[in-house]
Amino acid sequence: QPITTDMATLTHDVQKFAKEKKIEIEMLKVREEYRREFLGNVSHELKTPLFTVQGYLSTLLDGAMNDKTIRKKYLERAEKGVERLINIVKDLDMISKLETGDLNLNFTRFNIVDVIQNVFDLLEMKADQKSIMLMFDMKYTKPIYVYADQEKIEQVLTNLIMNSVKYGKEKGTTEVSIENLTNSKIIVRITDNGEGIQSQYIPRLFERFFRVDKSGARSEGGSGLGLSIVKHIIEAHNEKIYVESKYGFGSEFSFTLEKAK
Ligand code: ADP
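The structure displayed is predicted, hence computed values, not measured ones. (Residues numbered from 1 in each chain as written. Predicted model: local features only at pLDDT ≥ 70, side-chain atom pairs only at ≥ 80, totals over all residues. Heavy atoms only, no water.)

1. Let's talk about the overall build of the protein chain
Assigned secondary structure in the protein chain consists of 6 helices and 7 strands. In sequence order, the secondary structure elements of the protein chain are arranged as α-α-β-α-β-β-α-β-β-α-α-β-β. With respect to the three principal axes, the spread of C-alpha positions in the protein chain is 95 × 60 × 35 Å. Relative to its 261 residues, the protein chain shows a buried fraction of 36%. Here the contacts in the protein chain between residues at least 6 apart in sequence split such that 73% fall between residues at least 24 apart. On the protein chain, roughly 16,500 Å² of surface is accessible, and the fraction owed to carbon and sulfur atoms is 55%. Of note, the protein chain has its 39 positive side-chain charges centred 2 Å away from the centre of its 39 negative side-chain charges. (Helix = DSSP H or I, 4+ residues; strand = E, 2+ residues; numbered from the N terminus. Buried < 20%, exposed > 50% of the residue type's maximum accessible area, 1.4 Å probe, protein only. Contact = heavy atoms within 4.5 Å. Areas by Shrake-Rupley, 256 points an atom, 1.4 Å probe, with all protein chains shown as cover. Lys, Arg positive; Asp, Glu negative; His and termini not counted. Charge placed at Lys NZ, Arg CZ, Asp CG, Glu CD.)

See the structure below:
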């Protein structure tokens, strides 16, 4: 019995086992780090609007309540803060559902042109405030039927068009267009001529809580969750999302969808 061979096999097995365990431990560490970072981000995001609301309410209770105009102004600001909190919690809820796979997509056949029109109606006021023109190529007066989860795609369009308005320049434009990609797919493009994104940030755009300019984006009321929700929804549909941007000139986000028969 050549004992050396057995020893060699044993050593090999032990080493293999140790290596596997090491990888497992590394993975757990990464996950733990990720979880810690996520919690840190969440509490940080919630803190800002919470302190804002608290600040306005305390000032009101300290006497500002007696002045009618200040009272209205502060209550409105406190309400804005609460609205922002609700939006963050809604985004978090959506993210957690998307990440745990609890989100069931409800596929139906619908006309995407109508959905784009709905989103335009919803965001018209916000666009008007910056004199941004929302455009949709008029050649699409005909319906375009797709097969997807309508509510989720409406959310995708809302987030992308909202961003183009938020990061768009005064008197700028946001254009939505649709093109046939293949016999069975279309591509939807959302193009703006806003501030654009520097190339080094592009790979990180879809990360949770990522923002190019923390202070600037915060004044726009973003939580940095919008694009990660968009990516999750598109990937859950087994579709693709793309971004192209030229710093100082504008950005284009596009995604594919399946045509309905
Ligand atoms: P936020 O809530 O901050 O808007 P998003 O996940 O939607 O979060 O976007 C992440 C970051 O990507 C934004 O903070 C912004 O810096 C950048 N960004 C997204 N869309 C655009 C755009 N159309 N033009 C320029 N920058 C954009």
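2. Focus on helix 2 (residues 68–100)
For an α-helix, 3.6 residues make a turn, and residues three or four places apart therefore share a direction. For helix 2, built from 33 residues, the straight-helix expectation of 48 Å at 1.5 Å per residue is met to within 8% by its first-to-last C-alpha distance of 48 Å. Those residues of helix 2 that sit buried are Tyr74, Ala78, Gly81, Arg84, Leu85, Ile88, Asp91, Leu92, Met94, Ile95 and Leu98. Just downstream of helix 2, Gly101 is the residue with a positive phi angle, here 75°. (Expected span 1.5 Å × (residues − 1).)

3. Considering the packing of aromatic side chains
If you walk through the whole model with that rule in mind, you get 5 aromatic pairs. Note on Tyr201 and Phe210: the rings are 6.1 Å apart at their centroids and 40° apart in plane angle, and the pair reads as tilted. A cation over an aromatic ring shows up here: Arg109 above the ring of Tyr145, its NZ or CZ 3.9 Å from the ring centre. The ring of Phe249 has Lys246 lying over it, and the distance from NZ or CZ to the ring centre is 4.8 Å. (Phe/Tyr/Trp six-rings, centres within 6.5 Å; stacked < 30°, edge-to-face > 60°. Lys NZ or Arg CZ within 6 Å of the ring centre and 35° of its normal.)

4. A short note on the pattern of salt bridges
Counting across every chain of the model gives 15 salt bridges. Across the salt bridge formed by Lys29 and Glu26, the nearest N and O atoms sit 3.6 Å from each other. One end of the pair is Lys29 and the other is Glu26, both in helix 1 (residues 3–61) and 3 residues apart, which spans about a single turn. Accessibility expressed as a relative area gives 39% for Glu26, which makes it partly exposed. With its nearest N and O atoms 3.3 Å apart, the salt bridge here joins Lys97 to Asp93. Separated by 4 residues within a single helix, Lys97 and Asp93 lie in helix 2, roughly one turn from each other. Asp93 gets classed as partly exposed once you look at its relative accessible area, which sits at 39%. Shared partners join several salt bridges into a network, and the residues in it are Glu32, Arg35 and Arg36. (Salt bridge = Lys/Arg side-chain N within 4 Å of Asp/Glu carboxyl O.)

5. Some points on the environment of Pro143
Along the chain, Pro143 falls in the loop between strand 2 (133–136) and strand 3 (145–149). Once the C-alpha coordinates of Pro143 and Val42 are considered, the two residues, 101 residues apart in sequence, prove to be 41 Å apart. The contacts of Pro143, once residues within four sequence positions are left out, are Asn111 and Val113.

6. Overview of the packing of helix 2 against helix 6 (residues 226–236)
At a minimum axis separation of 10 Å, helix 2 and helix 6 run at an interaxial angle of 35°. When you trace helix 2 past helix 6, the crossing you get is left-handed. Between helix 2, through Asp91, Met94, Ile95, Leu98 and Glu99, and helix 6, the contact on the second element is made entirely by Ser228, Ile229, His232 and Ile233. Taken together, the residues of the contact of helix 2 with helix 6 break down into 5 nonpolar, 2 polar and 2 charged. (Axes fitted to C-alpha atoms, helices over the stretch in contact; angles between N-to-C directions. Left-handed = near helix turned anticlockwise from the far one by under 90°. Nonpolar A, V, L, I, M, F, W, Y, C, P; charged D, E, K, R; others polar.)

7. Here we look at the site of the ligand
Around the ligand, the structure places 20 residues, and the nearest of them are Asn163, Lys166, Tyr167, Gly224 and Leu227. About the coverage of the ligand: the protein hides 97% of its 540 Å² of free accessible area. Element by element, the count of residues in the shell around the ligand is highest for helix 4 (residues 150–166), at 3 residues. (Near = heavy atom within 4 Å.)

8. Looking at the sheet that holds strand 5 (residues 185–192)
Pairing between the strands of a sheet is mediated by backbone hydrogen bonds and can be parallel or antiparallel. Here we have 5 strands laid out as an open sheet, ordered 2-4-5-7-6, and mixed in their pairing. Of all the strands in the sheet, just strand 2 and strand 6 (241–246) have a single pairing partner and so form its edges. The average undirected angle you get between the axes of adjacent strands in this sheet is 15°. Sheet topology places strand 2 next to strand 4 (residues 173–180); 4 bridges connect them, and they run parallel. Following the sheet pairing, Met133 is matched in strand 4 by Thr173. Sitting on the sheet, helix 4 is in contact with strand 2, strand 4, strand 5 and strand 7 (250–258), with an inclination near 25° to strand 5. (Pairing = 2+ DSSP bridges.)

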